[in-house]
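# Secondary and tertiary structure notes
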There are 2 protein chains.
Amino acid sequence: MSLLRPRGILLRMTDPRLTPLAASLPDTVPFIGPETQERAMGRPFRARLGANENPFGPSPRAIEAMRAAAAQAWMYGDPESHELRQAIAAHHGVKPAHIRVGEGIDGLLGLLVRLTIGAGDWAITSLGGYPTFEFHVTGFGGRIEQVPYDGDRVDAAGLMDRATALGAKLVYIANPDNPMGGVHGADTIREMIDNLPAGALLVLDEAYVEFAPDGTAPEIDPTDDRVIRFRTFSKAHGLAGARVGYAIGSAPLIAAFDRVRNHFGLTRMAQAGALAALKDRDWLAQGLEHVASARARIAAIAHENGLAPLPSATNFVAIDCGGDGGLARRVMTGLAARGVFVRMPGVAPLDRCIRVSAGTEADLDAFAQALPEALEEARAAT
Amino acid sequence: MSLLRPRGILLRMTDPRLTPLAASLPDTVPFIGPETQERAMGRPFRARLGANENPFGPSPRAIEAMRAAAAQAWMYGDPESHELRQAIAAHHGVKPAHIRVGEGIDGLLGLLVRLTIGAGDWAITSLGGYPTFEFHVTGFGGRIEQVPYDGDRVDAAGLMDRATALGAKLVYIANPDNPMGGVHGADTIREMIDNLPAGALLVLDEAYVEFAPDGTAPEIDPTDDRVIRFRTFSKAHGLAGARVGYAIGSAPLIAAFDRVRNHFGLTRMAQAGALAALKDRDWLAQGLEHVASARARIAAIAHENGLAPLPSATNFVAIDCGGDGGLARRVMTGLAARGVFVRMPGVAPLDRCIRVSAGTEADLDAFAQALPEALEEARAAT
């Protein structure tokens, strides 16, 4: 339930035409957007550091490609995303039949769950891990088992134990991890694949992998039908607002997405932007350096305030506020009141942390300025 | 099955991890994109008249808004599409709680079917009608009943008869109709709503309603939970490539979409473009005039070739080629060979027609040039 918030805008009213499953689903959403908070506060955030976006932005070539595509917006985007799919396949040295492009990892995860999880089927994830996976599993009538972290790292062995015990269909791991930022080496991931119970699929979410040390992403035979991995243009490529993610998997599984996906769902601008971003390796490398510097500065700011930053292989840093979830929540709220948007895990003991995305110098100036006040206020309220 | 084509790219390979439902789904897609045909032909179409796109294009203000948003693409789009939703609500004189914005009508239809159709539930549509509705119903394990057209118009009474007989959950009607272009008056739609069996929902697809005569769209009390209507920015607003549609419905049903939708699925550029397009009423009016002229010219071209154009309340014209489905298919293929992309219904007797979208002068010049040759060739092959 990490990061899940009750929506609370409407009273619970249920249309009698809903299926029993749809009627049973909670009125929660995986994330509340910063715009919703801004509307409630009546002013915009000064620093947007809560959604693990990349303010160093997309390649100027990607922006130019999207601008050119805007003038062509009267045409539907290519439903096969042919050019982009070819380019991604070439980038990874696999055939296009192993690549499926979609509306972000979120959208692709939803389709994967729909394809594999029937009523009562088990899926395994981490307690406090990425809530959108749970949202989809619950949404399709599956059962979710949440394995506590091992300290501040995903408990890879624990996930496999529960998968085996329950005969799970899906085992989800984000590597590097969100929201804590930790990472497992490629060996651990390979071991997970080799230890999967029969009939299970490893869902390897590599949204943040470009930020991780070399060797984090295991080489995986794309014909291996025990694993599907996900990548995105939202993080390292700075294209969150264009919503493009992709899956790498075995050809039969990838082909099955065609049976259920929104074929014309990927916009023309998004396809053009992602293609241009993929080709601009220099911009990507430069952006990764910016993120590494920002990560170091977030850690330094934490230390200056007597707080412990967690090691991060992502574009964000979880900072241990040194107390319980209540303290961290007050720090988060105090930062928001000072115009700084951050998020935090929703489950103990992870929720002793706030999670701060790698921002620009100006963003982190605002964070550095607001943190001591927010901390003082949060501690005083104890 | 109208317009459905077997995909035929991969042999049928099924991943053993699929649910029984997913494993049972056909390897078909609702539409093959023109880009796929272009790649097969090795050259682009001269005239793109098959997807009912609007080549008069979006408002220049919408293009400018999308271009500005491209530079902000590092940020996720507002998951509530707040501004756009407010503007649409104001435009229709309803509260925002009655509006749900999504990734085109296709995407919203999929969510609606997911919310309402369980295994074995019945949905009613027209035989030869919009194939994407059938794609979704089948995809969620529902059963579909296809009612033959009454001549070339949707059989509104027939739909209701079958809905009552089968205790259907959903009754789909596109008004104006795709692919034949006909239209029912508002009175007929109101009558359908009043005659719906208990527990059924009328799915009123008004994708083309801006092109229809005044009075086509019935006034509907947005609190009426027996009907949900769909509109799009893809057609009259010329924004197919941005993929923005919306639903107008009762607040509990609209709220239920939040339980299953891809919350961050709508791109930043799409939201900005749709908002600007909605506000530019002059551009819309001008575009509708262009479409009306193009429609008249398509009809004239048909007459010049001794063919019968069907009356149209949309941005396309179905042309009766005067023979069977085989003849019309040969005409369509002959047009494609001459660089003109059109489509055709897939079911008899509708499939005696080709369907030609309202294009620019240059597009229709190409069509006028290619049609006599394509016709002659098609007839010679009989």
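Structure shown above.
Keep in mind that what you see is a predicted model, and the values were worked out from it rather than measured. (Residues numbered from 1 in each chain as written. Chains lettered and ligands numbered in written order. Predicted model: local features only at pLDDT ≥ 70, side-chain atom pairs only at ≥ 80, totals over all residues. Heavy atoms only, no water.)

### Notes on the interface of chain A and chain B
- Taken together, the contact pairs 85 residues of chain A with 85 residues of chain B.
- In this assembly, chain A packs against chain B so that about 7400 Å² is buried in total across both faces, 57% of it on carbon and sulfur atoms.
- A per-residue breakdown of the area chain A buries against chain B is headed by A:Arg17, A:Trp74 and A:Arg259, which together make up 14% of the total.
- Counting every contact that joins chain A to chain B gives 10 salt bridges.
- B:Asp27 serves as the salt-bridge partner of A:Arg259, at 3.0 Å between the closest nitrogen and oxygen.
- Where chain A packs against chain B, one counts 39 residue pairs in polar contact (both at pLDDT 80 or more).
- Counting residues per element, the ones that place at least two in the side of chain A that touches chain B are α1 (20-24), β2 (28-29), α2 (34-41), α3 (60-70), α5 (104-116), α6 (131-139), α9 (251-256) and α10 (268-279) of chain A. (Contact = heavy atoms within 4.5 Å. Buried area = accessible area lost by both parts, 1.4 Å probe. Salt bridge = Lys/Arg side-chain N within 4 Å of Asp/Glu carboxyl O. Polar contact = N/O pair within 3.5 Å; in protein donor to acceptor, adjacent residues only side chain to side chain. Helix = DSSP H or I, 4+ residues; strand = E, 2+ residues; numbered from the N terminus.)

### Examining helix α11 (residues 281-304) of chain A
Residue and element names in this part refer to chain A.
- Counted at 1.5 Å a residue, the expected span for α11 with its 24 residues is 34 Å, and the 35 Å between its end C-alpha atoms agrees.
- Every buried residue of α11 is listed here: Leu284, Gly287, Val291, Ala294, Arg295, Ile298, Ala299, Ile301 and Ala302.
- In this structure, the buried residues of α11 make contact with β11 (308-309), β12 (316-320), β14 (353-357) and α13 (361-380).
- Once α11 ends, the next one or two residues include Gly306, with phi positive near 75°. (Expected span 1.5 Å × (residues − 1). Buried < 20%, exposed > 50% of the residue type's maximum accessible area, 1.4 Å probe, protein only.)

### Looking at the packing of α11(A) against α13(A)
Residue and element names in this part refer to chain A.
- The interhelical angle for the contact between α11 and α13, taken along N-to-C directions, is 10°, at an axis separation of 10 Å. Taken together, the axes of α11 and α13 are roughly parallel relative to one another. Residue-level contacts link Ala294, Arg297, Ile298 and Ile301 of α11 to Glu361, Leu364, Asp365, Phe367, Ala368 and Leu371 of α13.
- Along the lines of polarity and charge, the residues of the contact of α11 with α13 split into 7 nonpolar, no polar and 3 charged. (Axes fitted to C-alpha atoms, helices over the stretch in contact; angles between N-to-C directions. Parallel < 35°, antiparallel > 145°, perpendicular 65-115°, else oblique. Nonpolar A, V, L, I, M, F, W, Y, C, P; charged D, E, K, R; others polar.)

### What about the nonpolar core?
- Judged by nonpolar contacts, the single largest core of 146 residues is most densely connected at A:Leu335, A:Ile354, A:Phe367, B:Leu335, B:Ile354 and B:Phe367.
- Once residues lying within four places of it in the same chain are set aside, the contact partners of A:Leu335 are A:Val340, A:Val342, A:Ile354, A:Phe367, A:Ala370, A:Leu371 and A:Ala374.
- If you look at the next biggest cluster of nonpolar residues, it comprises 55 residues, including A:Leu84, B:Ala69, B:Ala242 and B:Ala274. (Core = buried A, V, L, I, M, F, W, Y, C linked by side-chain atoms within 4.5 Å.)

### Points about the sheet that holds strand β7 (residues 170-174) of chain B
All names here are of chain B.
- Here we have 7 strands laid out as an open sheet, ordered β4-β10-β9-β8-β7-β5-β6, and mixed in their pairing. Every interior strand has two partners, whereas the edge strands, β4 (99-102) and β6 (143-147), have only one. Strand-to-strand twist in this sheet, taken as the mean axis angle between neighbours without regard to direction, amounts to 20°.
- When strand β5 (residues 122-126) meets β6, the two strands line up parallel, connected through 5 bridges. (Pairing = 2+ DSSP bridges.)

### Some details on the packing of aromatic side chains
Residue and element names in this part refer to chain A.
- Counting across every chain of the model gives 12 aromatic pairs over all chains.
- With a centroid separation of 5.4 Å and an interplanar angle of 65°, the aromatic rings of Tyr76 and Phe264 are classed as edge-to-face. Placement of the pair is Tyr76 in the loop between α3 and α4 (82-92) and Phe264 in the loop between α9 and α10, with a sequence separation of 188 residues.
- By relative accessible area, Tyr76 is classed as buried at 10%.
- The exposure class assigned to Phe264 is buried, which follows from its relative accessible area of 10%. (Phe/Tyr/Trp six-rings, centres within 6.5 Å; stacked < 30°, edge-to-face > 60°.)

### Quick notes on empty space enclosed by the protein
- Summed over the entire model, instances satisfying the criterion amount to 15 cavities of 30 Å³ or more.
- In this model, the largest cavity occupies a volume close to 390 Å³.
- Lining the largest cavity are 21 residues, with A:Leu111, A:Asn262, B:Gly107, B:Leu111 and B:Asn262 positioned closest to its centre.
- When contributions to the lining of the largest cavity are tallied by element, the ones reaching two or more residues are α5 of chain A together with α5 (104-116) of chain B.
- Per-element accounting of the lining of the largest cavity gives the leading share, 5 residues, to α5(A).
- In the lining of the largest cavity, the residues fall into 6 nonpolar, 8 polar and 7 charged. (1 Å grid on protein atoms, 1.4 Å probe; cavity = no way out; pocket = protein on both sides within 12 Å on 5 of 7 lines; lining within 4 Å. Points joined across faces, edges and corners; volume = space filled by probe spheres on them.)

The analysis is restricted to geometry; functional conclusions fall outside its scope.
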